[in-house]
Number of protein chains: 4
Amino acid sequence: MILVIRPDATLEQLEHIIERVRELGFTPHVSRGESRTIVGVIGDENRPGAENLSAIPGVEQVLRIMKPFKLASREFHAADSVVYVGKVRIGGGSLAMIAGPCAVESYEQMDIIARYVKAGGANILRGGAFKPRTSPYAFQGLGEEGLKILRDVGQKYDLPIVTEVMDPRQVELVCRYADMLQIGARNMQNFDLLKECGRTRKPILLKRGMSATVKDLLMSAEYILAEGNHDVVLCERGVRSFEDSTRNMLDMSAVPNVKVQSHLPIIVDPSHATGRPDLIPSMCRAAVAAGADGVHVEVHHCPEKALSDGPQALLPHQFLDLMGDLRRLAAALGREFWSRPEAELVP
Amino acid sequence: MILVIRPDATLEQLEHIIERVRELGFTPHVSRGESRTIVGVIGDENRPGAENLSAIPGVEQVLRIMKPFKLASREFHAADSVVYVGKVRIGGGSLAMIAGPCAVESYEQMDIIARYVKAGGANILRGGAFKPRTSPYAFQGLGEEGLKILRDVGQKYDLPIVTEVMDPRQVELVCRYADMLQIGARNMQNFDLLKECGRTRKPILLKRGMSATVKDLLMSAEYILAEGNHDVVLCERGVRSFEDSTRNMLDMSAVPNVKVQSHLPIIVDPSHATGRPDLIPSMCRAAVAAGADGVHVEVHHCPEKALSDGPQALLPHQFLDLMGDLRRLAAALGREFWSRPEAELVP
Amino acid sequence: MILVIRPDATLEQLEHIIERVRELGFTPHVSRGESRTIVGVIGDENRPGAENLSAIPGVEQVLRIMKPFKLASREFHAADSVVYVGKVRIGGGSLAMIAGPCAVESYEQMDIIARYVKAGGANILRGGAFKPRTSPYAFQGLGEEGLKILRDVGQKYDLPIVTEVMDPRQVELVCRYADMLQIGARNMQNFDLLKECGRTRKPILLKRGMSATVKDLLMSAEYILAEGNHDVVLCERGVRSFEDSTRNMLDMSAVPNVKVQSHLPIIVDPSHATGRPDLIPSMCRAAVAAGADGVHVEVHHCPEKALSDGPQALLPHQFLDLMGDLRRLAAALGREFWSRPEAELVP
Amino acid sequence: MILVIRPDATLEQLEHIIERVRELGFTPHVSRGESRTIVGVIGDENRPGAENLSAIPGVEQVLRIMKPFKLASREFHAADSVVYVGKVRIGGGSLAMIAGPCAVESYEQMDIIARYVKAGGANILRGGAFKPRTSPYAFQGLGEEGLKILRDVGQKYDLPIVTEVMDPRQVELVCRYADMLQIGARNMQNFDLLKECGRTRKPILLKRGMSATVKDLLMSAEYILAEGNHDVVLCERGVRSFEDSTRNMLDMSAVPNVKVQSHLPIIVDPSHATGRPDLIPSMCRAAVAAGADGVHVEVHHCPEKALSDGPQALLPHQFLDLMGDLRRLAAALGREFWSRPEAELVP
């Protein structure tokens, strides 16, 4: 950390600054430039209290040098992490295709959709039982009944399942049914939920918040990792912007950006990012080409009757076409979607 | 709601659209223009299923006419709502000054700060016992011990207290100590927490999320109101933007914007919005002049040793100066900060 | 266009609204719903005066139905447009690779870089002679001397050249040297410059402004098209956002989004979008997979001595590797970078 | 400037870094911390070439210490600058009220509006003769004819006039008529226009670009100042954001933020910032309370027939009410709108 001293700071202020740096357990290193004096602060800048150095009179600005996350960082763990969801491998060249409807509506609905996505080659089935809806009057999900349906249909088609958990009080219940827990964008900084999920041994799908930086996303992953759960898959799903012709703005550069800074796998969700079925296929292709470890898309056989987010779902035949394209593309890039035989996979 | 039909839609598609509109319980009203056919959809557009009309083949866009919130709307309740926190009146010309440290650190710390803010004329005391911190390694608050300190100090200085609740499991505990519950920006769309707070009879301070529109904020208020709790005070605290010299961007126009659309009181928090003590006083003045029902500022007697967010706190003497300015300004605008004698106030 | 009438509008106001609609040459079509009356406004909503309908007392909101651009729209011209720069074809399956340094610095510098980018397979050479710099004290470009160098080096390596024009007064001069004129992001709404470029017969590379929506970009293209110049290539180069680890946020979904709404070719510039050489190759791959008609990258043999934007340039060997990847990817997608023999190409 | 060295940098790389720092005329100052080595770079970091230090292999990041603007900075000129437009004083406690229609439409229109704004107490008259319109099909302004009308009406009501200049080729013409030149938001980084305006001796009203940071705005002011024109008034007029219920987001904190960093006066334009007459009065009050040196509002006697931006104009009676409020508020804050007698004013 580096403290830039105000040009009008008094000598007394500078001495006080140096004293505080020492009190906090750091070693100060003063350097006088032409227009500014700076104080190098040697030590772990993530130490509590460090943030307050900017509140000392005479300090103009504090420049951080280190990343604020540790377990999530590439420096801590150089190789790409691989996360298993059931027998599906995410990362290290294996791609996830997480597909299914926005919400679990009924056994029949899930059965129809699961058959299609399995046929297309999805390897993880999704569906929401607890739904975070902007309006209190909108469909809020089937709850445990939805979890049961999702589990049964997942077993029928031999697909592990992922579903959202919104409340720390639901974690235990959802763990009884799901193979992977999703933390939604609106809860990316619901720290009690992050901690509770960190205490489980289920893999976590952590979606980027609508106004979270890549650093914020990695800090939220750090909450889960710090509780001892290392199976975290990140998900870029678009951020808020001024562009009004898409639901959010897909930050595709987050894929390589995360990979430079972290060892965790990252997938892309163009359904929520764009909200437009006409843009989803090309954004899936771009995600795979960008180096994402998978994609996440919503599929519904009758979007006009869906109970949640119908307008952004792909139709089954669109999904089948998309998977054909993605398989060819992945092959050209030396990667693949398919889960390998169990014997080979489990470490 | 209005459906704009694609120019290349077939007659069969149009008939299907009209049929679906009827099935959903709306009355369709077709109108052919020069370049587009439109279908007026008569009925309550907040009805479940309405959102899916945009998924019907042949529909180009869906234009909403009505606001998606009801209980929070000015149409539902024409007069300004007034919310009482203890004997302090917020709204209807009475201004709240919510002041105190970011986090409760100790009895001594709270006692010193409360004495100053009381002297300056604050009418509500704040302090965090459960802290939402970006880093899992940062100080997370004193928990119940902090709540006790806050209550005791509040009673000593005859100031009602407000403190943040982050987890639905904490609501009952926090209710035992606090006069007002704060829902932080990161939890503005933590819907389970909104519902749980809606079931209490404590006034709620609902902070705007970092990427929430004014409509989103009012939809989150609707969650609380829909549970039967009508004592909601909104708080503008800045949104994420590209401007990098302030912590967030204070959307001052949210004050009159909320007042046009809703009857709920709204206050402004320049501490979190700007993160810069040198900008806070002028933003407090602007908030009062803009018509806000109060302001929220962080105060600390020794920011450089604060356990949380020290750099954005005002010093006690800065707070005293600010309150002098604000009192004069409020007087010029025909408003006041002071809580009136109880007899007069309670309705 | 549809006018939503305020619920408290008087009958007299409604009559005045209808009269104004007629005066402006539109046909009104009144429809009463449960909670709102709406007035359909039949006629060309891009007609002057139409925007003011929202200023009539009693009008709550105005909903637009039509796109505000015409010549740039897919409705006006259904097939993909193809633009020729010299003998290089952009669009219709032919990809552009526009490469070169940020600024022309000297003949030697351009000669070294052009040799590399030609070897890698770039088909258009770039270099700035007039530089829009945030600081008045930064290198502003070599001016006409730079244009001469760029032209000479382009001819030596048989590469058409593109260079930025910043001022309407420079258009004539730049046309004497360049094969394609670039309008930079900061000038996307410099309407006099757009008109002046629209009057030339040179193809135009129009970069998206830092806070321009896709619609704004197409409106700026419309300015050029309306002057009679139909050879416009759009360029996504990132927009401003809160993310602080990249220079801008690359809106990859703009590629398919433009293609849905417009017939114009669009390329992607990951150099300016990310500002980080470690992210550029994967964003180039993603752009090609997303369906872009080309990419634009900055290359410099000695970035640490570049006179402008060195830190975001690829090194020559990085560029060669990237081109190998992109050629393989393009082949897998049935597209190619190479300009075909002239006889085949010219229409 | 401080260079943070990558933990994996070689000794050879570090030596090369130090050599480059010296070659660029800086003095290096190496300091080894626990996890990173840093190199302090002593010298003027705005020197050309300094930006490229981040491109040297082994450099992880470059931290700037100094502000990139000089003449615009508070350090360069400690006292508040005062700018005269005709006999009107802006800054130093004197407030500007710039009012008038968006566009000059006719002598009659300007005459009616000028009479009202003069009566209300505006001290500068505005009106556009050259209009930057998003659509090429919209009214583009009356050109020189509009300038003549504006000058004549300004003289009739003894009001100095301000009008926009969009193109360097118009500067001379506009100077013949106007007392102050406005550079619009879309042209804030039209550097040739900035330079051309910097060469005149007219005061300049420089509007903040829609995605410009406060630093960017001050850098654009620096372009004008560097040409020798010191009479620059800045204008906050809202920036692009995700909020869709206002035209832009008014960044009110830019007012004190500019005042901390710069000596230049700054005014606020709530008309363009909000686009909503129902929010303009409260935002004008907030601007004055925030410490702005004036406000800028659009006024039209018949917004529904305006040729440009009618929907955001105040009606004359709304303007008169607003001015009454603002005068009282300004008085309470010890400031005033009125131009003093000429003899007193001219320095």
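Labelled according to an unreviewed UniProt entry, chain A appears under the name 3-deoxy-7-phosphoheptulonate synthase, originating from Thermogemmata fonticola.

Engineer: Hey, could you run me through the environment of A:Pro277 in this one?
Structural biologist: With respect to the helices, strands and loops of the structure, A:Pro277 is situated in the loop between helix 8 (270-274) and helix 9 (280-290). As a C-alpha pair, A:Pro277 and A:Val297 span 20 residues in sequence and 9.8 Å in three-dimensional space.

Engineer: What is the right way to read the relation of the copies chain B and chain A from this model?
Structural biologist: Two chain copies, one operation linking them: a rotation about an axis together with a shift along it. Placing chain B over chain A gives an RMSD of 0.0 Å and needs a rotation angle of 180°, together with 0.0 Å of translation along the axis. Taken together, these values place the two copies in the relation of a two-fold axis. Closest approach to the rotation axis among the C-alpha atoms of chain B is made by B:Ser211, whose C-alpha sits 2.8 Å away. Of the interface residues in chain B, 100% have counterparts in chain A that sit at the interface too, so the contact is made through matching surfaces.

Engineer: Just to check I follow, could you spell out the packing of helix 9 of chain A against helix 9 (residues 280-290) of chain C for this structure?
Structural biologist: For any two helices packed against each other, one specifies the inter-axial angle together with the distance between the axes. For the pair helix 9 of chain A and helix 9 of chain C, interaxial distance at closest approach is 7 Å and the crossing angle is 150°. Here helix 9 of chain C runs roughly antiparallel to helix 9 of chain A, going by the angle between their axes. For the pair helix 9 of chain A and helix 9 of chain C, the sense of crossing is right-handed. Seen from helix 9 of chain A, the contacting residues are A:Ser282, A:Met283, A:Arg285, A:Ala286, A:Ala289 and A:Ala290; seen from helix 9 of chain C, they are C:Ser282, C:Met283, C:Arg285, C:Ala286, C:Ala289 and C:Ala290. For the contact of helix 9 of chain A with helix 9 of chain C, a count of residues per class yields eight nonpolar, two polar and two charged.

Engineer: Is there a simple way to think about the interface of chain B and chain A in this case?
Structural biologist: Frequently, the measure chosen for interface size is the accessible area removed from exposure when the parts meet. Contacts between the two partners involve 50 residues from chain B and, on the opposite side, 50 residues from chain A. Together chain B and chain A conceal approximately 4300 Å² of surface at their shared face, both sides included; 46% is due to carbon and sulfur atoms. Interface area lost by chain B to chain A is led by B:Tyr137, B:Arg169 and B:Glu304, which between them contribute 16%. Here B:Arg133 and A:Glu51 are joined by a salt bridge, their closest N and O atoms 2.9 Å apart. The interface formed by chain B and chain A contains 31 residue pairs in polar contact (both at pLDDT 80 or more). Elements with a minimum of two residues in the side of chain B that touches chain A: helix 1 (11-23), helix 5 (191-198) and helix 6 (214-226) of chain B. Examining the composition of the side of chain B that touches chain A, we find that five residues originate from one element, helix 6 of chain B, more than from any other. Residue composition of the side of chain B that touches chain A, grouped by class: 20 nonpolar, 14 polar and 16 charged.

Engineer: Which parts of the structure should I look at to understand the pattern of salt bridges?
Structural biologist: Pairing between side chains becomes possible if they bear opposite charge and their charged atoms approach one another. Under the defined criterion, the tally for this structure stands at 105 salt bridges over all chains. Between A:Glu243 and C:Arg208 there is a salt bridge, with its nearest N and O atoms 3.0 Å apart. Here the residue A:Glu243 occupies a position in the loop between strand 12 (232-236) and helix 7 (254-261), and C:Arg208 occupies one in the loop between strand 11 (204-207) and helix 6 (214-226), the pair thus bridging two chains. Taking relative accessible area as the criterion, C:Arg208 reaches 0% and is therefore assigned buried. A salt bridge links D:Asp167 to D:Arg169, with the shortest nitrogen-to-oxygen separation between them at 2.7 Å.

Cut-offs and rules
- Residues numbered from 1 in each chain as written.
- Chains lettered and ligands numbered in written order.
- Predicted model: local features only at pLDDT ≥ 70, side-chain atom pairs only at ≥ 80, totals over all residues.
- Heavy atoms only, no water.
- Helix = DSSP H or I, 4+ residues; strand = E, 2+ residues; numbered from the N terminus.
- Least-squares fit on C-alpha atoms with pLDDT ≥ 70 in both.
- Contact = heavy atoms within 4.5 Å.
- Axes fitted to C-alpha atoms, helices over the stretch in contact; angles between N-to-C directions.
- Parallel < 35°, antiparallel > 145°, perpendicular 65-115°, else oblique.
- Left-handed = near helix turned anticlockwise from the far one by under 90°.
- Nonpolar A, V, L, I, M, F, W, Y, C, P; charged D, E, K, R; others polar.
- Buried area = accessible area lost by both parts, 1.4 Å probe.
- Salt bridge = Lys/Arg side-chain N within 4 Å of Asp/Glu carboxyl O.
- Polar contact = N/O pair within 3.5 Å; in protein donor to acceptor, adjacent residues only side chain to side chain.
- Buried < 20%, exposed > 50% of the residue type's maximum accessible area, 1.4 Å probe, protein only.

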